[in-house]
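Descriptive analysis of the structure
Residues per chain, in single letters:
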Amino acid sequence: MSVNKLFFLGLLLFIPISLAAHFLEWGPLSVFLTAGLAILPLAAWMGAATEEIAVVAGPTLGGLLNATFGNATELIIALIALNAGLLDVVKASITGSIISNLLLVMGFAMLLGGLRYKEQTFQPFVARVNASLMNLAVIAILLPTAVNFTSSGIAPTTMQRLSIGVALVLIFVYAMTLLFSMKTHSYLYEVGLAEQEQVELAESNLAEGKPQVNVWFWTGVLLLTTLSVAVESELLVDSLEAATSQLGLTALFTGVIVVPIIGNAAEHATAVTVAMKDKMDLSVSVAMGSSLQIALFVAPFLVLAGWLMGKPMDLNFNPFELVSVAVAVLITNSISSDGRSNWLEGLLLLATYTVLGLAFYFHPVIDVIG
């Protein structure tokens, strides 16, 4: 068993600990910390279950399954926070997930992969397509904020209608992106890297007479982990206001830095691990694909969900968050455009993330959560 699997297996102990902290009233800070740690292994198991089912489902359906559950943890946390009325945290978690995937995940992947291999390569075509999609995402979340900033007394209902229209366009683009990458132009993508390895493993197991993937077992694991993530997310969100207030953290910093790290930890580990195996194509696919899913699907889905739930969720973001997303997209596109990476480029991405993190920490938001 790998070190990663042992680590996430050990973290499962925090599930009963977090429940005990809640029911025995150990305090909001204890609940917040233990629930956050409990979500990490659950997200990893959710990803593992999705990958196992994808082996049997085949490349097209498997790819769609991976795309659907790729950011399920972040989506569940955001939905529960949205239902609780923590709109600032929800919006900050959207921008924070984009930033952390582009800078933190890709930064560590390029740095650690580059320390082991002098130079690594990945498909420049895919990088350019992803760059174009990220530019669209920046434009889409920038314009509603620009409309609000350049207008006087715009009604919240008008902003929500505008956001719903933009959300529908983004979801349509996301669906067309899946069609492009998995069907009409799948030959241009080597998404087959992960799936190809899984298929080869399945064929090898079959040749050796080893048992095949138990679809019902992994489906049960997927359902159980999804429900568990929902329970732990409820504990996390319920204790978030009081816990972060005790820590002296703002809603902005919590949403942009803390929540995305909790939700993306399993993907972080995957991207870095495969980069260290010189599979940079797959690493970039995990990092940039996750950012695109957040921007093109999760964010607009939350807008529509907020409308149905009667919550005033829109795409009018904090201007500083938009600047940070634009910075992250700009430097990532610049570094990835040539299809090559090295440890220095990874260091540049991590340095950018650190500077942004410091800026969010010291950002003079008047109200601390709670």
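Computed from a prediction, not measured in an experiment: that's the story for all the values here.

Criteria and thresholds
Residues numbered from 1 in each chain as written. Predicted model: local features only at pLDDT ≥ 70, side-chain atom pairs only at ≥ 80, totals over all residues. Heavy atoms only, no water. Phe/Tyr/Trp six-rings, centres within 6.5 Å; stacked < 30°, edge-to-face > 60°. Helix = DSSP H or I, 4+ residues; strand = E, 2+ residues; numbered from the N terminus. Expected span 1.5 Å × (residues − 1). Bend = angle between axes of the 7 residues up to and from the residue. Buried < 20%, exposed > 50% of the residue type's maximum accessible area, 1.4 Å probe, protein only. 1 Å grid on protein atoms, 1.4 Å probe; cavity = no way out; pocket = protein on both sides within 12 Å on 5 of 7 lines; lining within 4 Å. Points joined across faces, edges and corners; volume = space filled by probe spheres on them. Nonpolar A, V, L, I, M, F, W, Y, C, P; charged D, E, K, R; others polar. Core = buried A, V, L, I, M, F, W, Y, C linked by side-chain atoms within 4.5 Å. Contact = heavy atoms within 4.5 Å. Axes fitted to C-alpha atoms, helices over the stretch in contact; angles between N-to-C directions. Parallel < 35°, antiparallel > 145°, perpendicular 65-115°, else oblique. Left-handed = near helix turned anticlockwise from the far one by under 90°. pLDDT = per-residue confidence, 0-100. Salt bridge = Lys/Arg side-chain N within 4 Å of Asp/Glu carboxyl O.

With that settled, consider the packing of aromatic side chains. One pass over the full model with this rule turns up seven aromatic pairs. When the ring of Phe320 is compared with that of Phe360, the centres are 4.9 Å apart and the planes differ by 65 degrees; the resulting orientation is edge-to-face. With a gap of 40 residues between them, Phe320 in helix 13 (residues 319–336) and Phe360 in helix 14 (residues 343–362) connect regions that are remote in the sequence. Following the ring pairs from residue to residue traces out a cluster consisting of Trp45, Phe217 and Trp218.

In this section: helix 6 (residues 87–116). In an α-helix there are 3.6 residues to a turn, and that puts residues three or four apart on one side. Taking 1.5 Å per residue as the helical rise, helix 6 with its 30 residues ought to reach 44 Å, and the 42 Å between its terminal C-alpha atoms agrees with that figure. In helix 6, a bend of some 35 degrees at Ser100 exceeds every other bend along the element. Burial within helix 6 is extensive, with 25 of its 30 residues counted as buried.

So, on to empty space enclosed by the protein. Under the defined criterion, the tally for this structure stands at three cavities of 30 Å³ or more. Computed from the structure, the largest cavity encloses a volume of approximately 70 Å³. Along the walls of the largest cavity sit Glu74, Ile77, Ala78, Ser93, Ile94, Ser97, Val259, Pro260, Ile294, Val298 and Leu302, which together make up its complete lining. Taken together, the elements giving at least two residues each to the lining of the largest cavity come down to helix 5 (72–83), helix 6, helix 11 (251–275) and helix 12 (280–309). Of the residues that constitute the lining of the largest cavity, the class distribution is eight nonpolar, two polar and one charged. In this structure, the second largest cavity occupies an estimated 40 Å³ of space. Lining the second largest cavity are Ile77, Ala78, Ala81, Val89, Ser93, Val237, Leu240 and Val259. In terms of residues, the lining of the second largest cavity owes the most to one element, helix 5, which gives three residues. A class-by-class count of the residues in the lining of the second largest cavity yields seven nonpolar, one polar and no charged.

With that settled, consider the nonpolar core. Of all hydrophobic cores here, the largest spans 109 residues; its most connected members are Ile99, Leu296 and Leu302. Excluding residues that lie within four positions of it along the chain, Leu296 makes contacts with Leu133, Ala137, Leu170, Ile171, Val173 and Tyr174.

In this section: the packing of helix 5 against helix 10 (residues 215–247). Put simply, helix 5 and helix 10 touch, their axes get as near as 9 Å, and they point 45 degrees apart. Between helix 5 and helix 10, the interaxial angle falls into the category oblique. As for how helix 5 packs across helix 10, the hand of that crossing is right-handed. Residues Thr73, Ile76, Ile77, Ile80 and Ala81 of helix 5 form the contact with helix 10, whose own contacting residues are Thr226, Val229, Ala230, Ser233, Glu234, Leu236 and Val237. Here the contact of helix 5 with helix 10 is composed, by residue class, of eight nonpolar, three polar and one charged.

Take the confidence of the model for the chain next. For the chain, per-residue confidence averages 82 on the pLDDT scale, and 86% of positions sit at 70 or higher. Contacts for the low-pLDDT stretch residues 191–206, under 50 throughout, to residues beyond four places or in other chains number 16 contacts. Confidence over residues 366–370 falls short of pLDDT 50; this stretch has 13 contacts with residues more than four positions distant or in other chains.

The subject of this paragraph is the environment of Gly96. The residue Gly96 is located in helix 6 in this model. Residue classification places Gly96 among the buried positions, given a relative accessible area of 0%. Each C-alpha atom of the pair Gly96 and Ile294 lies 9.9 Å from the other, and the pair is 198 residues apart in sequence. Once residues lying within four places of it in the same chain are set aside, the contact partners of Gly96 are Gly255, Val256 and Pro260.

The final tally for this structure, using the stated rule, is two salt bridges. In this structure, Asp314 engages Lys91 in a salt bridge whose closest nitrogen and oxygen atoms are separated by 2.7 Å. You can see Asp314 sitting in the loop between helix 12 and helix 13 and its partner Lys91 sitting in helix 6, a full 223 residues away along the chain. Lys91 carries the same exposure label as Asp314, and that label is buried. A salt bridge links Glu119 to Arg340, with the shortest nitrogen-to-oxygen separation between them at 2.8 Å. With a gap of 221 residues between them, Glu119 in the loop between helix 6 and strand 1 (120–121) and Arg340 in strand 2 (residues 340–341) connect regions that are remote in the sequence. For Glu119, a relative accessible area of 44% corresponds to the partly exposed category. Judged by its relative accessible area of 41%, Arg340 is partly exposed.

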